[in-house]
Amino acid sequence: RRIRSSKRVPPGSLGFPVIGQSLGLLRAMKANTAEKWLDERVQKYGPISKLSLFGKPTVFIYGQAANKFLFTSDGSVLTSKQPQSLKMILGDRCLLEMNDEDHKRVRDALVLPLMKTLTFDIICSLLFGLERGARRDQVVRYFQQMIEGMWSIPINLPFTRFNRSIKASKDVQKMLKQLISEKRHEFDNNLASSHQDLITCLLSIRGENKQELMSENEIIHNVMLIMVAGYATSSVLITFMVRLLAKNPNIHAAVLKEQEEIAQSKSPGESLTWEDLGNMKYTWRVAMETMRMFPPIFGGFRQTVKDIEYGGYLIPKGWQIFLVTAKTHMNSSIFQEPEKFDPARFENTASLPPYNFVPFGGGARICPGYKFAKIETLVTIHYLVTHFTWKLCCTDDFFSRDPTPVPTQGLPIQIIPRKPL
Ligand code: HEM
């Protein structure tokens, strides 16, 4: 109460009830003018302003101090709360909605099996045991539909994209329920194969009396989260790398040199090793520079647990915080000539001031899929550059955010084998 009387909430307007500024932001993201949209806010209201997004009063923040504040505040100040739309689609028992002990319990249970098992195969085959084919195509379509409505106003009417996403989410949940019961049967009767998928790993976490430690909803919701978090992000990174390599022949040549040296050190058919991945330093710098210019994740949400003071303003209890982590990426006082694609800026990451480049987040919620994404990206780029060259069929620079970046027409390319396959 004392804070309330001495501070005022940030400037800005909450706009129309429920809708607020959601449509404006989504429209700008789709048109790839979100930075401009945010800059206009900053010009009008300053670096901290209030608005209403996806049905909630929200405070928009950005910058190094904001990144640090969000990633280092514990559960007594900020809690993880996603927009209602995302929560209704992915479920309320997924990691993004959990806090403190619950978050730690499920996250610890997830990371280990995640890292042990996900590296064997691409996510889809692994989580669902689904190989290429009509069923897998259907799952991908469901996930695409789910993702599209995650940042939306949670009005469940037939014509809304939220409605389509909720329907897709229900279909996926139904499918997962069925799959879990099959896997449980296999596990309980020792029929599971030695190469365990993620669902079986989660089912196998048992207490003293052999009871399952993760509830069915915790498994379903987190499998959906991992599928979405892994599918919608690494694919964006690899896609934009393909685009940037086509546009920057010198950088492509340097990546190719690094990858050919690795390929030449192997006998035919020999797999890549950890050591090889460690030697892909330049390629990973290209990936980091790609994420600087085209961050797969634009920003994130939290919710205040109590009235808090931030930057001289009051943010009331229960308000949403919208942190645009990537807004530091194009700031010329942090990254010189930010418009220039220059992987060399990541040669010495220790010289980067902290909390200015956090594509995988930070603190207790740092992306648990970070290493998996790195492996996936490096291995994919290795095989792509050593086996193929490619040309862009659309050379414009446009991409929209939906909410993850999508280049024009999904980036059609003409691909040419370099050597006989
Ligand atoms: C280039 C690829 C990726 C990027 C840029 C990325 C980025 C992020 C970021 C920024 C967060 C934190 C969000 C926040 O603090 O609000 C996050 C969380 C998360 N990511 Fe990733 N991610 C990537 C790949 C993956 C992959 C491959 C997986 C799984 C296979 C994954 C699973 C998750 C999960 C489960 C969380 C939630 C963690 C929690 O709340 O404790 N991510 N990711």
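In the nomenclature of an unreviewed UniProt entry, the protein chain is known as Cytochrome P450 of Solanum verrucosum. Per UniProt, the protein chain has the following entry under Subcellular location (unreviewed entry): "Membrane". Turning to the protein chain, the UniProt annotation filed under Cofactor (unreviewed entry) states: "heme".

Enquirer: Now, about the site of the ligand: what can you tell me, with residues and values included?
Expert: The immediate surroundings of the ligand are formed by 23 residues, with Gly230, Gly300, Gly361, Cys367 and Gly369 found nearest. Within the shell around the ligand, the residues separate by chemical class into 15 nonpolar, 6 polar and 2 charged.

Enquirer: Any chance you could break down the sheet that holds strand S1 (residues 49-53) for me, citing the residues and the numbers?
Expert: Overall, mixed pairing links the 5 strands, which are arranged S1-S2-S7-S4-S3 in an open sheet. Of all strands in the sheet, those bounded by a partner on one side alone are S1 and strand S3 (78-79). Across 4 bridges, strand S2 (residues 56-61) lies against strand S7 (residues 320-323) in parallel orientation. Along S7, the bridge assignment pairs isoleucine 61 with leucine 323. In this fold helix H4 (residues 64-72) packs onto S2, S3, strand S4 (300-304) and S7, with an angle of close to 130° to the strand it touches most, S7.

Enquirer: Tell me what's going on with the environment of arginine 418, and back it up with residues and numbers.
Expert: Inspection of the secondary structure puts arginine 418 in the segment after strand S11 (413-417). Not counting residues up to four positions away in its chain, the partners in contact with arginine 418 are His387, Phe388 and Thr389.

Enquirer: Go over the UniProt feature "transmembrane region" (unreviewed entry) in the protein chain with me, naming the residues and quoting the values.
Expert: In this structure's numbering, the residues bearing the UniProt feature "transmembrane region" (unreviewed entry) are residues 219-242. Secondary structure across residues 219-242 divides into 100% helix and 0% strand, with the first and last C-alpha atoms of the span separated by 34 Å.

Enquirer: Please provide a residue-by-residue account of unusual backbone geometry, values included.
Expert: Phi at asparagine 32 takes a positive value of approximately 55°, unusual for a residue other than glycine. By the element assignment, asparagine 32 lies in the loop between helix H2 (22-30) and helix H3 (34-45). Exposure remark for asparagine 32: the 16 C-beta atoms within 10 Å place this residue in the partly exposed category. Even without glycine at this site, aspartate 100 takes up a positive phi of about 50°. Mapped onto the elements of the fold, aspartate 100 is located in helix H6 (residues 100-118). Judged by local crowding, aspartate 100 falls into the partly exposed class, with 13 C-beta atoms found within 10 Å.

The rules behind these values
In every chain, residue numbers begin from 1 and rise along the written sequence. It should be noted that, the model being predicted, local features are given only for residues of pLDDT at least 70 and side-chain atom pairs only at 80 or more, the latter also being counted only at that level, while totals for whole chains, interfaces and linings use all residues. UniProt positions are given in the numbering used here, feature names are shortened, and annotations may be inferred rather than shown by experiment. Nearness rests on one distance test: the residue's C-beta atom, set from the backbone, must lie within 6 Å of the molecule or strand. All residues other than Ala, Val, Leu, Ile, Met, Phe, Trp, Tyr, Cys, Pro, Asp, Glu, Lys and Arg, Gly among them, are scored as polar; the first ten of these are nonpolar and the last four charged. Note on pairing: DSSP must find at least two bridges between two strands before they are called paired. Helix and strand definitions here come from DSSP, where helices need a minimum of 4 consecutive H or I residues and strands a minimum of 2 consecutive E residues; each element is numbered from the N-terminal end. Two residues form a contact once the distance between their C-beta atoms, set from the backbone, is within 7 Å. Every axis corresponds to a line fitted to the C-alpha atoms, with the helix fit spanning only the stretch in contact, and the corresponding angles, defined between N-to-C directions, vary from 0 to 180 degrees. Exposure criterion: with C-beta atoms placed from backbone coordinates, a residue whose C-beta has 20 or more other C-beta atoms within 10 Å is buried, one with 12 or fewer is exposed, and one in between is partly exposed.

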